[in-house]
Amino acid sequence: MVNSEKLQELRQLAEESIQKAQDARTLNDLRVKFLGKKGEITALLKSMKDLSPEEKPKFGQMVNTVRAEVESAIETHMAELEAKAREAKMAAETIDVTLPAKKMQYGHAHPNTRALEEVERIFVGMGYEVVEGPEVEYDEYNFEKLNIPKGHPARDEQDTFYINDSILLRTQTSSVQARVMEQGKLPIRMICPGRVFRSDAVDATHSPSFHQIEGLVIDKHVTFADLKGTLDKFAKELFGPETKTKLRPHHFPFTEPSAEVDVSCFKCGGKGCRFCKGEGWIEILGCGMVHPHVLEMCGIDPKQYSGFAFGVGLERIALLKYEIDDMRLLYENDTRFLEQF
Ligand code: DAH
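Residues numbered from 1 in each chain as written. Predicted model: local features only at pLDDT ≥ 70, side-chain atom pairs only at ≥ 80, totals over all residues. Heavy atoms only, no water.

## A closer look at the overall build of the protein
Counted only if it meets this: In this description a helix means any DSSP run of H or I spanning at least four residues, a strand means any run of E spanning at least two, and both kinds are numbered starting from the N terminus. The quantity called the radius of gyration is restricted to C-alpha atoms. Its globule counterpart is 2.2 Å times the number of residues to the power 0.38. Type-normalised accessible area, obtained with a 1.4 Å probe on protein chains alone, sets the label of each residue: buried when under 20%, exposed when over 50%, and partly exposed for intermediate values. Working definition of accessibility: Shrake-Rupley area with a 1.4 Å probe, residue cover restricted to the visible protein chains.
A count of helical and extended segments in the protein gives 12 helices and 9 strands. Here the protein has a C-alpha radius of gyration of 42 Å; the compact-globule value for 341 residues is 20 Å, and the former is much larger. Seen along its three principal axes, the alpha-carbon backbone of the protein occupies a region of about 130 × 50 × 35 Å. For the protein, the proportion of its 341 residues judged to be buried stands at 42%. Of the roughly 19,700 Å² that the protein leaves accessible, carbon and sulfur atoms contribute 53%.

## Quick look at the pairing of strand S6 (residues 245-252)
Each regular strand displays side chains that alternate between the two surfaces of the sheet. The condition that has to hold: For two strands to count as paired, DSSP must find a minimum of two bridges between them.
Where S6 and strand S7 (residues 255-264) come together, 7 bridges link them in antiparallel fashion. Each residue of the ladder has a partner; that of Lys246, found in S7, is Asp262. A loop of 2 residues connects S6 with S7, the two strands running antiparallel in sequence.

## Some words on the pattern of salt bridges
The test is simple: Only one rule defines a salt bridge in this text: a Lys or Arg side-chain nitrogen within 4 Å of an Asp or Glu carboxyl oxygen.
On inspection of all chains with the given rule, the structure shows 21 salt bridges. Two residues, Glu69 and Arg11, come together in a salt bridge whose shortest N-O distance is 2.8 Å. Here Glu69 is found in helix H4 (residues 55-93), whereas its partner Arg11 is found in helix H1 (residues 2-20), with 58 residues between them in sequence. When its relative accessible area of 26% is taken as the criterion, Arg11 is described as partly exposed. Note that Arg121 and Glu118 form a salt bridge whose closest N and O atoms lie 3.2 Å from each other. With a gap of 3 residues between them, Arg121 and Glu118 both fall in helix H5 (residues 111-125), about one helical turn apart. For Arg121, a relative accessible area of 47% gives the class partly exposed. Within this structure, Glu118, Arg121, Lys233 and Glu237 form a network of salt bridges that share partners.

## Here's the deal with the site of the ligand
Here is the rule we go by: One heavy atom within 4 Å of a molecule or strand makes the whole residue count as near it. Each polar contact in these results corresponds to two N or O atoms within 3.5 Å; when the atoms are within protein, one needs to be able to donate a hydrogen and the other to accept it, and residues that are neighboring in sequence are counted only if both atoms are side-chain atoms. The residue classification treats Ala, Val, Leu, Ile, Met, Phe, Trp, Tyr, Cys and Pro as nonpolar and Asp, Glu, Lys and Arg as charged. All others, Gly included, are polar.
In the region of the ligand, 16 residues are neighbours, and Gln172, Ser174, Arg198, Gln212 and Glu214 sit closest. At a separation of 2.9 Å, a nitrogen atom of the ligand approaches a polar side-chain atom of Ser174. Here an oxygen atom of the ligand and a side-chain polar atom of Arg198 are 2.8 Å apart. For the ligand, whose accessible area on its own is 350 Å², the fraction buried by protein is 90%. For the shell around the ligand, the elements supplying multiple residues, two or more each, are strand S5 (209-219), strand S8 (281-290) and strand S9 (306-313). Of the residues contributing to the shell around the ligand, the split by class is 5 nonpolar, 9 polar and 2 charged.

## Describing the side chain of Asp326
Put simply, the test is: By definition, residues are in contact when any of their heavy atoms lie within 4.5 Å.
Among the secondary structure elements, Asp326 is positioned in the loop between helix H11 (314-321) and helix H12 (335-338). When its relative accessible area of 16% is taken as the criterion, Asp326 is described as buried. A distance of 2.9 Å separates a polar atom in the side chain of Asp326 from a polar atom in the side chain of Arg328. Setting aside residues up to four positions removed in sequence, Asp326 forms contacts with Asp203, Ala204 and Leu319.

## Quick look at the packing of H5 against H11
We count it as follows: All axes here are fitted lines through C-alpha atoms, helices being fitted over the stretch that makes contact, and every angle between N-to-C directions spans 0 to 180 degrees. Any angle from 65 to 115 degrees is called roughly perpendicular, while one under 35 is roughly parallel, one over 145 is roughly antiparallel, and all others are oblique.
Viewed as axis vectors pointing N to C, H5 and H11 meet at an angle of 100°, and their least axial separation amounts to 9 Å. As judged from the angle between their axes, H5 and H11 are roughly perpendicular. Facing Pro111, Asn112, Ala115, Leu116 and Glu118 of H5, the residues of H11 in contact are Leu314, Glu315, Ile317, Ala318 and Lys321. Residue classes in the contact of H5 with H11 are distributed as 6 nonpolar, 1 polar and 3 charged.

## Digging into the domain arrangement of the protein
Many authors give the size of an interface as the accessible area that is lost as the parts come together. Filter applied, for reference: The start and end points of each domain follow an automatic or database-based domain assignment.
The domains assigned to the protein are domain 1 (2-92) and domain 2 (111-338). Computed from C-alpha coordinates alone, the two centres of domain 1 and domain 2 are separated by 87 Å.

## Points about the sheet that holds strand S4 (residues 188-197)
Strand order in the open sheet formed by 7 strands is S1-S4-S5-S9-S8-S7-S6, with mixed pairing between adjacent strands. For this open sheet the edge positions go to strand S1 (129-130) and S6, each flanked by a neighbour on one side alone. Running over the sheet, H5 touches S1, S4, S5 and S9 and is turned about 165° from S4. Taken strand by strand, helix H9 (residues 224-239) contacts S6, S7, S8 and S9, and its axis lies near 150° from that of S8.

## A look at the nonpolar core
The criterion, for reference: Nonpolar cores were defined as sets of buried Ala, Val, Leu, Ile, Met, Phe, Trp, Tyr and Cys residues, with membership established by side-chain atoms within 4.5 Å.
Phe234, Ile284, Leu285, Cys287, Phe308 and Phe310 are the most contacted members of the largest nonpolar core, which totals 43 residues. For this core, the element with the most residues is H9, which contributes 6 residues. Those residues within four positions of Phe234 in sequence are excluded, and the remaining contacts are Val119, Ile122, Phe123, Ile284 and Leu285.

Listed below in structure tokens is the structure:
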């Protein structure tokens, strides 16, 4: 009987394919291929019309038996596949509690932060308050009230990022001096750390954004000797008790007289070395006695009060203190560099 041979062939083919199937989708495709409406086994039923009346029921029964067997083979294999998948998932998710734990990566303070904390510690120890001011600032505070009117050449040296004619990214933390003095609470003894901006191209000693620490003291009878003594103490605390300081006359529009402060090289003790470029001295900050006109513009009577101010570059301190020779390293966030501090 040709038809029944064909049926047995299909059954064998179906069972082999089912055994080989690796996933539910393949199994479903096989179900359609053999048992679906247009399936190959189903098609045999349609060929029954050519059989004799005696053969018809017998063959029909055979087909149904095979259908049931194939269906059950599919179900069984499906269940096996599911069980296997579950086992694999369980195995993959097992936690081996005996494995060593992953090490926590601990960070630490950035060299800039450490330098700032050091400077703050020194001045807070001398009774200074730490204040902050805005990074987006009025021209008035950044320049005008510091004796730098429109057209003053000192503006060119600090060319910056303007928001509009009267608002800019501050070029110096000196802007906070005017803000604090204006509040009229005297005496003043403050430092103000913060970010400043200048349209400088990046190189080993320049960046369009860096940090300064401003200092301001206003009281009755404050003299240049107080300024000298304060900065000398600061330098000794920061770079070691052997450190000497030297003031060189300089000009800043908002202080009179003004000076730049050098410290004796803490590497060679002042003899001259590679670190201080043979000078024996290293420049660290600008300072001076607050200009009487600045006091006046900020509502303080220069006949009663006097004061001094200074401005330190934070990066400069960090580079010196930690002997870093390129400012860019401070901003690149390369952990191989940062880990060394
Ligand atoms: N603001 C100055 C600068 O950026 C630094 C400075 C100099 C600040 C003298 C001062 C000062 O307070 O008295 O170059």
